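A closer look at the structure
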Amino acid sequence: MTDLVKIIGFIQNILIIAITFYWMYQVVISLAGLIKLKEKPRLTDKMHRFMVVMPAHNEENVIAHLVDSLKKVDYPKDLVDLFVIADNCTDKTADVARKAGAIVYERNDPNKKTKGFALDWFLTLKKDELESYDAFVVFDSDNIVDKNFFNVMNEKLRQGENLVQGYRDIKNPTDSWISGGYAIFYWLMNRFYHLARYNIGLSPLVNGTAFMVRTSLIKDQGWKTHTLTEDIEFSIQNIIKGQKLGWAKDAIVYDEQPTEFKQSWTQRERWTVGHLQTMSSYSGDLVKATIKNKKLMNFDAVLYILGIPILLGTLLLLVLNTMLYVMGEMSAYELIINYLRYIFPTFILPIFTAYIVVKMQKRPVKPMLKSILMFPIFMGSWILINLKSLIKPNKKWEKIEHKKAVSIEDKNIYLGKEEK
């Protein structure tokens, strides 16, 4: 029994050190999101030409509003070409997109339905034309785009950036506590992950939509991803190569999020499985790059990839504490304190965090109140999603329905800005 207690105690101490370091690191880095730094200097005054790529699978309800918002951007129209990939569609997506003013390419390959396959197919098809564009930008079909988006991204190209993530906002934050939970999550990520890292010279991540890639970066190899999260995979691929990603807080896109828990579970499960696939495929190369380059940027990406193992370590720590209590090596008081150390940051602290971030976003609290109070449930459910994905991963791509047809003119109605 004594040897077993020593082994449990040893594992417990290792886990405490690792988990404490992980979260102290995250907190320290996130503080850089409160800093406002000067923009990088221009290297050129060029007005760049953009290829806009919009993968769309059965999106007849929303695709026209995306195209319409892109046609109304404050940027020379002859420098922005709009392409929709009607990907394995069985509805009128292609017809609606053409009528709205986009150039449409139709793709049919039921065995390869993810956005990554669609992007690789299209960019390979257009390979000979890529040199006529300085960069391509990817949007999801449910997006609407701020009029200054391309001016901001043009400035980033002028500053020498090659791969830049725009600001992903939410167009339906007050529809339900689920969509509100997504809004709070993305507002937190925008400021305390992406902006924080960009401010101190680390690398943000591509975040699914509203990202720009200089065409020279992918001209030869195309878009080669195979996981369910092509955005994270593409980010890690480039970080391994030493390519630092940029961040454009004023290049804003408004994105629709699920309003029901079941749909949200399906989406977040896909993200989690994709994260695990990326971790499995790239952890070794990422660690090698960290050792070789000795750069904090690579190490930071390693810690991002290890997010799910850290969660498992935390749950294991709770199990070990319970075992020590059952074996008489820990008092009930000590066990309760250890439980509270987990319960408080997981189920209590997020309420205050959510309230603060809503205020920082200058959004009205009242329509977001339910989402603020339910934010611990939104985030806590991710624990169950992670466990389910580890035990029985669903590797099948499943579509998330988009129905919120919001135009660029009336977006404020859905941002709560009309409420004072």
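Definitions and limits used
- Residues numbered from 1 in each chain as written.
- Predicted model: local features only at pLDDT ≥ 70, side-chain atom pairs only at ≥ 80, totals over all residues.
- Heavy atoms only, no water.
- Helix = DSSP H or I, 4+ residues; strand = E, 2+ residues; numbered from the N terminus.
- Buried < 20%, exposed > 50% of the residue type's maximum accessible area, 1.4 Å probe, protein only.
- Phe/Tyr/Trp six-rings, centres within 6.5 Å; stacked < 30°, edge-to-face > 60°.
- Pairing = 2+ DSSP bridges.
- Arc of directions from axis to C-beta.
- Contact = heavy atoms within 4.5 Å.

1. Observations concerning the environment of Ala289
Mapped onto the elements of the fold, Ala289 is located in helix α8 (residues 261-293). Taking the relative accessible area as the measure of exposure, Ala289 reaches 7% and is therefore buried.

2. Focus on the packing of aromatic side chains
For the structure shown, the criterion picks out 26 aromatic pairs. For the ring pair Tyr25 and Phe299, a centre distance of 6.1 Å and an interplane angle of 85° mean the geometry is edge-to-face. Here the residue Tyr25 occupies a position in helix α1 (residues 2-30), and Phe299 occupies one in helix α9 (residues 296-305), the gap between them amounting to 274 residues. Given the relative accessible area of 11%, Tyr25 is considered buried. Assessed through its relative accessible area of 27%, Phe299 is described here as partly exposed. With a centroid separation of 6.2 Å and an interplanar angle of 40°, the aromatic rings of Tyr75 and Phe150 are classed as tilted.

3. So, the sheet that holds strand β1 (residues 50-56)
Read across the open sheet, the eight strands follow the order β3-β2-β1-β4-β7-β6-β8-β5; overall the sheet is mixed. Of all strands in the sheet, those with a lone pairing partner are β3 (103-107) and β5 (144-145), marking the two edges. Sheet topology places β1 next to strand β2 (residues 80-87); seven bridges connect them, and they run parallel. Residue pairing for β2: Met51 is matched across the bridge by Asp81.

4. Structural notes on helix α2 (residues 63-71)
Among all positions of α2, only Ile63, Leu66, Val67, Ser69 and Leu70 are buried. Along the axis of α2, the buried residues cluster in a sector spanning 160°; they form a single face. As for α2, its buried residues are in contact with β1, β2, α3 (93-100), β5 and α5 (149-158).

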